[in-house]
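Residue strings, one per chain:
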Amino acid sequence: MMPYFLQSLFFLLCLIIVVECRKHGNRERRWTGPVETQKHGTSLTKKPPDVTKSRKMKTEQILRVDDHDFTMRPAFGGPAVPVGVDVQVESLDSISEVDMDFTMTLYLRHYWKDERLSFTSTTNKSMTFDGRLVKKIWVPDVFFVHSKRSFIHDTTTDNIMLRVFPDGHVLYSLRVTVTAACNMDFSRFPLDSQTCSLELESYAYTDEDLMLYWKNGDESLSTDERISLSQFLIQKFHTTSRLAFYSSTGWYNRLFINFTLRRHIFFFLLQTYFPATLMVMLSWVSFWIDRRAVPARVSLGITTVLTMSTIITGVNASMPRVSYIKAVDIYLWVSFVFVFLSVLEYAAVNYLTTVQERRDRKLRERMREQSLPCTCGMSHTGTMMGDGTYSEADTNSLAGYTEAPIMHSEEREKQEHMVVHLSVSSESTATKKKGGLRAFRIIQNTHAIDTYSRVIFPGAYIIFNLIYWSVYC
């Protein structure tokens, strides 16, 4: 029994050893992989692997980023690196007259060749990366000249794309919003056109190290057809380039994105020109109001003057404080002068009316004091002087009547009326004989000033409008 038990135990131990050996052999084959056997007659030279399809190599290993110094430009010490640029304008966000700037969102793309980034690829396909690789390689240091604010969009990640081709050509694209200055001329505002430019330039590299150029000429600039502005009509986009000189650093290549904007006039016609014209026409209504209606004419004149002042203030509040006269200023201030002159016209009418009434009152008082008995027996008609007195000859002729008894009040009033009537008639006749001007009759009859103003004011304003719109349109 004992030998049989030992045999069974030995057999079980051998079985356990065999199973463990098989498990260990399978584990070694799983990690080492299959062994390639060379067939008879085949070449010993292996085909280079396509690194773009390898999952075991990192980006830095594929592009050999760690093998080169990318703080220096490509071909350092040699000729200038050509860097082509093209731009796609996504939107023209705003134009500010007060700050004299504009805001634009665009796609900025750079093209250059860096042989240090070349790699092997059997399919000749490019490799695309995001912004994380940009910090490890050399890229052009292009900036916006006269830029006030700019930023790269970062939603949901940085809007940067880097595409590397096997031969070393690189495409570097980014989405940027920039606010840049624009020198505007408002001498013809709001009938003006403005030309603004967005300028690109290398910050560190002169034209001896970096040659910045438009990749496809005028075709390098493309715009979205849906771009529109509320106040402007976009007339033209075009590109130019020139050299810029700095006394301390040298010459640099500079690229220009030029665009021309023409202002829409309809908004200003409704908000500025039509109200100003209506206020001027409203001031003419006082010429048809009775000169004795002082509250009506004065209140109308003051209302139109204050309204014109409000319109002028509102227009200037939305404009920069320039030192020259704008086209809208000429129109508004001339309109303001017409409104102000209409107020002065009534002041003149009211003054002359008051003077005339005062003279008539003094004339009646003097006639009552003289208490002339009768004028029916006079051999000639007396003429009254301009100050309400008679001439010396007429006074002598009436000297015999001064001591006559006092008449009844009714008869005396009739005689005074007759004397005044005769004296005014004589004065008018003498004036005509002396060839007096028509202006004297206007002073004597203040209603004539309103009559002439009804024609002169509208006629002069129409002539002004014809000259204004023919010059600025």
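Rules behind the numbers
Residues numbered from 1 in each chain as written. Predicted model: local features only at pLDDT ≥ 70, side-chain atom pairs only at ≥ 80, totals over all residues. Heavy atoms only, no water. UniProt positions renumbered as here; feature names shortened; annotations may be inferred. Buried < 20%, exposed > 50% of the residue type's maximum accessible area, 1.4 Å probe, protein only. Helix = DSSP H or I, 4+ residues; strand = E, 2+ residues; numbered from the N terminus. Pairing = 2+ DSSP bridges. Phe/Tyr/Trp six-rings, centres within 6.5 Å; stacked < 30°, edge-to-face > 60°. Contact = heavy atoms within 4.5 Å.

Labelled according to an unreviewed UniProt entry, the protein appears under the name GABA(C) receptor, originating from Alosa alosa. According to the UniProt record, the Sequence similarities (unreviewed entry) comment for the protein reads "Belongs to the ligand-gated ion channel (TC 1.A.9) family." The record in UniProt for the protein states the following under Catalytic activity (unreviewed entry): "chloride(in) = chloride(out)".

Caption draft 1: Looking closely at the pairing of strand β12 (residues 250-263). Of all 14 residues in β12, twelve are buried, a share of seventy percent or more. Of the strand pairs in this sheet, strand β8 (residues 193-202) and β12 are connected by nine bridges, and their pairing is antiparallel. When the sheet's bridge partners are listed, Glu 199 is paired in β12 with Phe 256. With 14 bridges joining them, strand β11 (residues 232-246) and β12 adopt antiparallel strand pairing. Bridge pairing links His 238 to Asn 258 in β12. Hairpin remark: β11 followed by β12, antiparallel, with three residues in the connecting loop.

Caption draft 2: Quick peek at the packing of aromatic side chains. Taken as a whole, this structure holds 27 aromatic pairs when the rule is applied. Between the aromatic rings of Trp 112 and Tyr 172, the centroid separation amounts to 6.4 Å while the plane-to-plane angle is 80 degrees, which identifies the pairing as edge-to-face. Remark: Tyr 172 occurs in strand β7 (residues 169-181) and Trp 112 occurs in strand β2 (residues 101-113); sequence separation between them is 60 residues. Neither Trp 112 nor Tyr 172 differs from the other in exposure class; each is buried.

Caption draft 3: Fine view of the environment of Ile 137. As for its position among the elements, Ile 137 is in the loop between β3 (127-129) and β4 (142-145). Once residues lying within four places of it in the same chain are set aside, the contact partners of Ile 137 are Val 65, Phe 70, Leu 117 and Leu 162.

Caption draft 4: Representation of the UniProt feature "transmembrane region" (unreviewed entry) in the protein within the structure. What UniProt calls "transmembrane region" (unreviewed entry) maps, in this numbering, to residues 265-286, 298-318, 330-352 and 451-471. Across residues 265-286, the secondary structure splits into 82% helix and 0% strand, with the terminal C-alpha atoms separated by 31 Å. For residues 298-318, the end-to-end C-alpha separation is 31 Å, with 95% helix and 0% strand making up the annotated structure.

Caption draft 5: Representation of unusual backbone geometry within the structure. In the segment running from Thr 155 into Thr 156, the intervening peptide bond is cis, with an omega of 0 degrees. Relative to the helices and strands, Thr 156 is located in the loop between β5 (147-152) and β6 (160-164). The amide bond that connects Phe 189 to the next residue, Pro 190, takes the cis arrangement and shows omega of 0 degrees. Along the polypeptide, Pro 190 turns up in the loop between β7 and β8. Although it is not a glycine, Ala 75 adopts a positive phi angle of roughly 55 degrees. Summarising the element assignment, Ala 75 is placed in the loop between α2 (59-63) and β1 (81-96). Note on Ala 75: relative accessible area 52%, which makes it exposed.

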